[in-house]
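Read off the chains here:
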Amino acid sequence: MRDPFFPKAGNGGYDVTHYALTLGYAPAGRRLTGTAVITARATADLSAFDLDLAGLRVDSVTVDGKDALVSRTGQELTVRPHDDLGKGAVFRTTVRYAGAPRTLTDPDGSEEGWLPTADGALALGEPVGSMAWFPGNDHPSDKASYDLAVTVPKGLQAVSNGELTGSDDHDGRTTYHWRTAEPMASYLATLAIGHYTITRSTGPHGLPLLTAVDPEQAKASAGVLARLPEILAWEERTFGPYPFSSAGVIVDRPGDAGYALETQNRPVFPGAPETGTLVHELAHQWYGDSVTPRSWRDMWLNEGFATYADWLYQEEHGGRSAQQIFTGLYDDRDDDALWAFPPARPDGAAHVSDRPVYERGAMVLHKIRQQTGDRAFKALLRGWAAAHRHGGASTADFTAYVEKRAPGTDFTGIWKHWLYGDGRPDRP
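Residues numbered from 1 in each chain as written. Predicted model: local features only at pLDDT ≥ 70, side-chain atom pairs only at ≥ 80, totals over all residues. Heavy atoms only, no water.

1. Things to note about the overall build of the chain
Definition in use: Per the convention used, a helix needs a DSSP run of H or I reaching at least four residues, while a strand needs a run of E reaching at least two, with both numbered from the N terminus. What the globule rule says is 2.2 Å times the number of residues to the power 0.38, and the radius of gyration is computed from C-alpha atoms. Exposure is judged per residue with a 1.4 Å probe applied to protein chains only, and the accessible area is read against the type maximum: over 50% gives exposed, under 20% gives buried, and values in between give partly exposed. The contact rule is simple, with two residues in contact once any of their heavy atoms fall within 4.5 Å. Only the protein chains shown count as cover for residues, with accessible areas throughout obtained via the Shrake-Rupley method and a probe of 1.4 Å. A positive count includes Lys and Arg, and a negative count includes Asp and Glu. His and the chain ends are not counted in either. Where a charge lies is defined by one atom per residue type: Lys uses NZ, Arg uses CZ, Asp uses CG and Glu uses CD.
The helix and strand tally for the chain stands at 9 helices and 22 strands. By the compact-globule yardstick of 22 Å for 428 residues, the chain fits well, its C-alpha radius of gyration being 22 Å. Projected onto its principal axes, the C-alpha positions of the chain cover 65 × 50 × 40 Å. Each of the 428 residues in the chain was classed as buried or not, and the buried ones make up 57%. Partitioning the contacts of the chain with sequence separation of at least 6, the portion at a separation of at least 24 is 68%. For the chain, the exposed area adds up to about 16500 Å²; of that, 48% sits on carbon and sulfur atoms. Charge separation in the chain, taken as the distance between the mean sites of 41 positive and 55 negative side-chain charges, equals 3 Å.

Below, the structure written as structure tokens:
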């Protein structure tokens, strides 16, 4: 497993099936203690394997209860188990670690990993920030279920993905237990520690909703969060059944993070989100979280779809049509940034979140819609989400899927000029 943009992240030879993380965090000293129990299946004969972990001190590692030899080079933690592992073997690695988690700076200058806040911390992982707070196989192609037990000083909350299965107080501290049963890529894992107002409600067909809002953002967030059930219902009608067992949001303060992120089940927002941003991040639950990119080169499969979701929502809720948005982007002759590179071929790791991945990616989908017609296009959106539910997919998988769903339709020009072509295509 070698990502074209983040070659040091992710490891071959095994497939993680479950992470059990037991964490303790003391905001005053910014100290994290952790035990990670990683259950995996060997996909090759292994005398050693690597985990991704940035910065934290490793105290011990065992594999199936036996001490393992460990060495480190940068973020690579190389584990040599006492006994070799045969292909197909299921094995359990336990890593005990501690230290002050790092804030990582991405190639595009944004910050991820462990972000200290005024009252706690916020952990965000896209693209490779999860290695700042737990060891694992930090690549979108390896998805697993998760259990987190997080202990924080009493009076603080710890909010994560999935469902809160319980909490208990002891010795002036509170432990929160979170479970994510559906497969999740490591970059979608989150942990928010601080003061939050927790609200439980239900969405479409009784879907459990849990929102965690910083009290300073409660008033500003109330209106848009009240629309959460309605937006989820619209997205289900448009994209198919919601792929997870719960939904919700985390709203932190502006400045705690520099961006919103589609963390699974519960997207994170730095301050009260606008409706379009909420639509975008919730659409990622289908496109990005459930259908996860095979590599970071395939990022447009996340962002192009989520961007087009907002276009569709505007179109169906009294705003501009997708065609009007498309035409406005195409006709802006001063907007060279949009055409800097094709969406399926970003110019390296520093550009996977640039506008061509988002807006030109959405333009590719609009071209497909023009070619197939609205009814077939809506069926394609739902079908793509269903075909790769809880899995991974590449751009090649997507183009093959479209061609299979619309036999006899020629998409050659769309792929050549809009998806892979350099510069502004000729006027459509």
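What follows picks up the thread again.
2. A word on the sheet that holds strand β20 (residues 268-270)
The condition that has to hold: Should DSSP find at least two bridges between two strands, the strands are regarded as paired. Note on geometry: axes are lines fitted to C-alpha atoms, helical ones only across the stretch in contact, with angles between N-to-C directions running from 0 to 180 degrees.
Pairing in this open sheet of 4 strands is mixed, and the strands run β17-β18-β19-β20 from one edge to the other. For this open sheet the edge positions go to β17 (197-202) and β20, each flanked by a neighbour on one side alone. Neighbour-to-neighbour, the strand axes of this sheet turn through a mean angle of 15°, independent of strand direction. Note that β17 and strand β18 (residues 208-213) share 6 bridges and pair antiparallel. Bridge pairing links I198 to A212 in β18. Lying on the sheet, helix α2 (residues 228-239) is in contact with β17, β18 and β19 (247-252); it crosses β18 at an angle near 130°.

3. Topic: the packing of helix α4 (residues 300-316) against helix α7 (residues 374-387)
Rules: In what follows, roughly perpendicular refers to angles from 65 to 115 degrees, roughly parallel to angles under 35, roughly antiparallel to angles over 145, and oblique to any angle outside these ranges. Helix crossings are classified by the rotation of the near helix relative to the far one: an anticlockwise turn of less than a right angle makes the crossing left-handed, while a clockwise turn makes it right-handed. Amino acids are sorted into nonpolar (Ala, Val, Leu, Ile, Met, Phe, Trp, Tyr, Cys and Pro), charged (Asp, Glu, Lys and Arg) and polar (every other residue, Gly among them).
For the pair α4 and α7, interaxial distance at closest approach is 14 Å and the crossing angle is 140°. On the basis of the axis angle, α4 is oblique to α7. The handedness of the crossing between α4 and α7 comes out as left-handed. Here α4 contributes F305, Y308, L312 and E316 to the contact with α7, which in turn contributes F377, K378, L381 and W384. Grouping the amino acids of the contact of α4 with α7 by side-chain chemistry returns 6 nonpolar, no polar and 2 charged.

4. Looking at the nonpolar core
Put simply, the test is: Among buried residues, the Ala, Val, Leu, Ile, Met, Phe, Trp, Tyr and Cys ones that are joined through side-chain atoms within 4.5 Å form a nonpolar core.
The biggest cluster of nonpolar side chains holds 132 residues, and the ones touching the most others in it are W133, I368 and F398. Here this core takes 9 residues from α4, the largest share from any one element. Non-local contacts of W133, meaning those with residues more than four positions away in its chain, are made with L21, L23, L32, L56, Y97, W114, A123, L148, A189, T190 and L191.

5. Structural notes on helix α6 (residues 355-372)
Three- or four-residue spacings in an α-helix give side chains the same orientation, since the helix completes a turn every 3.6 residues. Applicable threshold: By this rule the span expected of a helix is its residue count minus one, scaled by 1.5 Å.
Taking 1.5 Å of rise per residue, 18 residues should cover 26 Å, and α6 covers 25 Å from first to last C-alpha, within 8% of that figure. Within α6, 13 of the 18 residues are buried, which leaves it mostly tucked inside the rest of the structure. Following α6 by one or two positions, G373 adopts a phi angle in the positive range, close to 90°.

6. Re the pattern of salt bridges
Stated formally: Counted as salt bridges are all cases of a side-chain nitrogen of Lys or Arg within 4 Å of a carboxyl oxygen of Asp or Glu.
Applying the stated criterion across every chain, the model contains 14 salt bridges. Of the charged contacts in the structure, one is a salt bridge between D214 and R253, with a shortest N-O distance of 3.1 Å. You can see D214 sitting in the loop between β18 and α1 (218-225) and its partner R253 sitting in the loop between β19 and β20, a full 39 residues away along the chain. The class for R253 is buried, based on a relative accessible area of 14%. For R355, the salt bridge is made with D335, and the minimal N-O distance between the two is 2.7 Å. Taken together, the residues span a long stretch of sequence, with R355 in helix α6 and D335 in the loop between α5 (322-331) and α6 at a distance of 20 residues. Classification of R355 by relative accessible area gives partly exposed; the value is 31%. Classification of D335 as buried rests on a relative accessible area of 10%.

7. Here we look at α2
For α2, which comprises 12 residues, the first-to-last C-alpha distance of 16 Å matches the rise-based estimate of 16 Å (1.5 Å per residue) to within 8%. Within the sequence span of α2, burial applies to L228, I231, L232, W234, E235, E236, T238 and F239. The secondary structure elements touched by the buried residues of α2 are β18, α1, β19, α3 (275-283), α4 and α7. A positive backbone phi angle near 105° is found at G240, which sits one or two residues after α2.

No statement about biological role is implied by the geometric values presented.
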